[in-house]
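# What the coordinates show
Residues per chain, in single letters:
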Amino acid sequence: MGSNGEEKKDGNDEYQDMSIAEIIDYSRNARYEEIERELEEMKSYIGGFRTRRMLFGGGSGVQSEVQREINNLSDSGRDNNDQGNRMASSSSSTDNVQTSGSSHESEIKHFWSPTGVGMEYERKRNLLVSVSVGTEAYKIKILDLAITAMKELVNMATENEPLWHPSVDGRVLNGEEYIKQFGQVGATLETMVRNRGMEQQPLQPPNLSCPSHFPALPIAETYAYPLQTEASRETMFFAVHPVHIVELLMNNEQYSPVFSNMVSKAKVLGVLSTQAQGDYNGALQVMAVEFHAPSPLVPNRKCYLARYSRRLRNHVWGVVDVSLESLFPNLLIRYRRRPSGCLIERFRDGLCKVTWLEHCEADNSSVPEVCRYFVTSGRAYGAKQWLSTLVRQHERLTHIRVMHDPKLQLSTGEANLLILADQMMRNFWRNLSFSRKNRWMLVSLSDAENINKAIIRFVKEKEGRSPCPALVMAATIRIPASSRRIFYFLQDENSRRKWDILSRGHIVQQTRSISNGCVPGNRVSVLEVKSPEDPDRAVKTLLQESFSTSACSYVTFTPVEASSISMILNGGDSDNVPITPSGFSILPDGLTGDEVSLVTIVFQILDSAASPMCFPAHSVYSMSKLITETAKAITAGVVDPYNMG
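To keep things clear, this report deals only with the structure shown in the data block. (Residues numbered from 1 in each chain as written. Predicted model: local features only at pLDDT ≥ 70, side-chain atom pairs only at ≥ 80, totals over all residues. Heavy atoms only, no water.)

Within the protein chain, the regular secondary structure consists of 19 helices and 20 strands. Relative to its full complement of 645 residues, the protein chain shows a buried share of 53%. For the protein chain, restricting intrachain contacts to residue pairs at least 6 apart in sequence, the fraction spanning at least 24 positions comes to 67%. Summed over all atoms, the accessible surface of the protein chain reaches about 28800 Å², with 51% contributed by carbon and sulfur. (Helix = DSSP H or I, 4+ residues; strand = E, 2+ residues; numbered from the N terminus. Buried < 20%, exposed > 50% of the residue type's maximum accessible area, 1.4 Å probe, protein only. Contact = heavy atoms within 4.5 Å. Areas by Shrake-Rupley, 256 points an atom, 1.4 Å probe, with all protein chains shown as cover.)

This part covers the packing of aromatic side chains. Counted according to the given criterion, the structure contains 17 aromatic pairs. Ring plane angle 5° and centroid distance 6.1 Å describe the contact between Trp356 and Trp386, whose orientation is recorded as stacked. One end of the pair, Trp356, is in strand E11 (residues 351-362); the other, Trp386, is in helix H14 (residues 383-403), with 30 residues separating them in the sequence. Comparing Trp356 with Trp386, the two get one shared label, buried. When the ring of Trp429 is compared with that of Tyr554, the centres are 5.5 Å apart and the planes differ by 85°; the resulting orientation is edge-to-face. Of this pair, Trp429 sits in helix H15 (residues 412-432) while Tyr554 sits in strand E18 (residues 553-559), and the two are 125 residues apart along the sequence. Residue classification places Tyr554 among the buried residues on the basis of a relative accessible area of 1%. Taken together, the ring pairs connect Tyr255, Phe259, Phe291, Tyr335, Trp356 and Trp386 into an aromatic cluster. Positioned above the aromatic ring of Tyr255 is the side chain of Arg307, whose terminal nitrogen or guanidinium carbon lies 4.2 Å from the ring centre. Against the face of Phe557 rests Arg496, its NZ or CZ located 4.4 Å from the ring centre. (Phe/Tyr/Trp six-rings, centres within 6.5 Å; stacked < 30°, edge-to-face > 60°. Lys NZ or Arg CZ within 6 Å of the ring centre and 35° of its normal.)

Moving on to the pattern of salt bridges. Taken as a whole and judged by the stated rule, the model has 17 salt bridges. Arg523 serves as the salt-bridge partner of Glu493, at 3.5 Å between the closest nitrogen and oxygen. Residue Glu493 is located in the loop between helix H16 (483-491) and helix H17 (496-499), and its partner Arg523 is located in strand E16 (residues 523-531); the two are separated by 30 residues in the primary sequence. Per residue, the accessibility class of Glu493 equals that of Arg523, and both read buried. Between Lys530 and Glu528 there is a salt bridge, with its nearest N and O atoms 3.5 Å apart. Accessibility expressed as a relative area gives 12% for Lys530, which makes it buried. Overlapping salt bridges bring together Arg307, Asp321, Arg337 and Glu358 as one network. (Salt bridge = Lys/Arg side-chain N within 4 Å of Asp/Glu carboxyl O.)

Attention now goes to the pairing of strand E17 (residues 534-548). Where E16 lies against E17, 9 bridges are found, and the strand directions are antiparallel. Across the sheet, the residue bridging to Val524 is Glu545, located in E17. In terms of strand pairing, E17 meets E18 through 7 bridges, oriented antiparallel. Opposite Leu542, over in E18, you have Pro559 as the bridge partner. In this antiparallel pair of consecutive strands, E17 and E18, the connection spans 4 residues. (Pairing = 2+ DSSP bridges.)

This next bit is on the environment of Tyr308. Tracing the backbone shows Tyr308 in strand E7 (residues 301-313). Through-space distance from the C-alpha of Tyr308 to that of Leu143 is 8.5 Å; in sequence the pair is 165 residues apart.

By size, the foremost hydrophobic cluster in this structure holds 65 residues, and its most contacted members are Leu249, Tyr255, Phe259 and Trp356. With near-sequence residues (within four places) excluded, Trp356 lies in contact with Ser232, Arg233, Glu234, Leu249, Phe259, Gly341, Cys342, Ala383, Trp386, Leu387 and Leu390. Counting residues in each nonpolar core, the second largest holds 35 residues, with Met441, Leu445, Ile451 and Ala481 among its members. (Core = buried A, V, L, I, M, F, W, Y, C linked by side-chain atoms within 4.5 Å.)

Helix H18 (residues 562-569) packs onto H15 with a crossing angle of 125° between their chain directions and a minimal axis gap of 7 Å. Considering the angle they form, H15 stands oblique to H18. For the pair formed by H15 and H18, the contact residues are Gly413, Glu414, Asn416, Leu417 and Leu420 on the first element and Ile565, Ile568 and Leu569 on the second. Of the residues in the contact of H15 with H18, the class split is 5 nonpolar, 2 polar and 1 charged. (Axes fitted to C-alpha atoms, helices over the stretch in contact; angles between N-to-C directions. Parallel < 35°, antiparallel > 145°, perpendicular 65-115°, else oblique. Nonpolar A, V, L, I, M, F, W, Y, C, P; charged D, E, K, R; others polar.)

The next thing to look at is the environment of Cys552. Among the secondary structure elements, Cys552 is positioned in the loop between E17 and E18. Overall, the relative accessible area of 3% leaves Cys552 in the buried class. Put simply, Cys552 and Ser585 are 33 residues apart on the chain and 7.3 Å apart in space, counted from C-alpha to C-alpha. If near-sequence neighbours (up to four positions away) are discounted, Cys552 is found in contact with Gln385, Ile586 and Leu587.

We now examine the environment of Asn416. With respect to the helices and strands, the residue Asn416 is situated in helix H15. Judged by relative accessible area, Asn416 falls into the buried class, the value being 15%. With 159 residues separating them in the primary sequence, Asn416 and Asp575 have C-alpha atoms 9.2 Å apart. The residues touching Asn416, leaving out its near neighbours within four places in the chain, are Ile568, Gly571, Gly572 and Ser574. Separated by 2.9 Å, the side chain of Asn416 and the backbone oxygen of Gly572 make a polar contact. (Polar contact = N/O pair within 3.5 Å; in protein donor to acceptor, adjacent residues only side chain to side chain.)

So, about helix H13 (residues 369-376). Considered for burial, the residues of H13 that qualify are Val370, Cys371, Phe374 and Val375. All buried residues of H13 lie within an arc of 95° about the axis, which places them on one face of the element. Positive phi appears at Gly378, one or two residues downstream of H13, with a value of about 90°. (Arc of directions from axis to C-beta.)

A word on unusual backbone geometry. Of note, the amide linkage connecting Glu161 to Pro162 takes the cis form, showing an omega dihedral of 10°. Checked against the element boundaries, Pro162 lands in the loop between helix H8 (136-158) and strand E2 (164-167).

Turning to its location among the elements, Ser531 is positioned in strand E16. The class of Ser531 is buried, set by a relative accessible area of 14%. Here Glu533 takes part through its side chain, which lies 2.6 Å from a polar atom of the side chain of Ser531. With near-sequence residues (within four places) excluded, Ser531 lies in contact with His506, Arg537 and Val539.

What follows is about a nonpolar patch on the surface. Among the surface-exposed residues, Phe237, Phe347 and Leu351 lie close enough to one another that they form a single nonpolar patch of about 260 Å² accessible area. With respect to the element layout, Phe347 can be found in the loop between strand E10 (340-346) and E11. (Patch = residues over 30% accessible without salt bridge, like charges linked within 9 Å, V, L, I, M, F, W, Y side chains within 5 Å.)

In this section: the side chain of Asn281. Mapping Asn281 onto the fold places it in the loop between strand E5 (263-271) and strand E6 (284-291). A distance of 2.9 Å separates the side chain of Asn281 from the backbone nitrogen of Arg311, its partner in a polar contact.

Attention now moves to the state of the cysteines. Counting across every chain of the model gives 0 disulfides. Cys303 carries a free sulfur, and the closest cysteine sulfur to it, the one in Cys360, is 9.2 Å from it. (Disulfide = S-S within 2.5 Å.)

Have a look at this one:
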């Protein structure tokens, strides 16, 4: 009895002698009781921050979400371990599933399967960062890091040669000059030094004022792949007030929806600011962010960052992001965000000059060959993608505001239709994401000519407003045609029957079109597919949105009941209308200018028999056939000039 009491007394120092495997190994049932006790102590510790809590208008940094995370954490270890075992046993039965019914074979394998330990590791990092940013010592460190990052952003965004060399694609960062000016060793050199054993042991997160029982973050192993540096800079002019852009970036409720084509997740872990509500001069916050590319074959990029905004002088603002790995070391790092962001300068004529800078280091070792150059060249996550998205959203909102002019007579029904189309686009991008929540499985397509691989995932009922369980399959291919040519081919209702297998032999008619941008083809449309034998009755009705920017293009559509479209156009609410988006992302491949394009094909079908670990063979076969036939039809349609609709 006495020995047990002494063991508990010394329990606070136990983490110092434990191996990393022991910390993250939730299969040791004997440790559950002790872990739950320590989590209760965490609750008491975090409760002490309540007297120092700050809201955005002034106060502390620990948010209410942190308390909920801890409440859920104590019950998750045992559940995650059991769930992980169930997933492992279930997945073994799907590893060799093959579709039947034809000579076509389609083997399903694991492409991305998050484990309970991996998800728990991420939650612990979120928890530690959330708690730590509430301490005064960390606040000072983060503020100092943010101020230094802002200075670097200003220099990087305003200087030209020798820091930036002109090139055909824009500007290329001079790595040697960067090191001279900012004194930061490049990622590749840093990794080489680390792998050779010349670097000191990685620093553990300092305790500062944390209790001694709070464990350091578990670090499973050194990540050996070298990080590659990506840097890009773009400048555009458009009519907007600088404060509106600053607010968009600093307010997460605006930031996530506007950049939903690139942001999978953005969560504010702590707000460190003493400014008045709505005053973003000096606003500082800590975030956990996850970015995705226009193809689900490309892994997402995740990091913890500090986001800082400052009015640098009259009519000039800066917003900068910088990773926090220097304060929260993590040798599993796959992505590190160097000072990145934008400078916004307002001129007397009402125009704004926005200079966007993206500078990061990333592990691209798992990017498939078809997307490799598109990613490593900086086009997937580069400044052009971010700035073109910002400009497109501004043009879209401006165009809609103009159309609300009574003279143009944009009805309430048409406005609701635009809202439904916007929700469809967000769901489409959610389907594109290679995030931890999207458990993709690899599908081998044996009879596909130009598709190396496709991936498939399960969509649960009501996820993204799906009316029942569904499956999403996606593939990325190269097509020897310009992205502009492919975009107009796909968005034109007259050529739809040439690539849409389900519309072949039918009449496709556009019954409603609402422009939502300055570029021709940027519009929301209602399409009706009719049988030639009965042209007065629609076989199916589609809602389609198409838009193109300087960096990428999208054509997305979803089947909608004709009665729902009629209800919306008559002023009804679109919130309960089911959405199952399919469509295409179209991008220049980067290797050949705009002579070859990367096209990602995404189809979603409803299947009530599907489950997370059971994909019905007939559905897999049907979707595989749909992907391969659509790819062939698009290629034939845009390569053959006589086949254009």
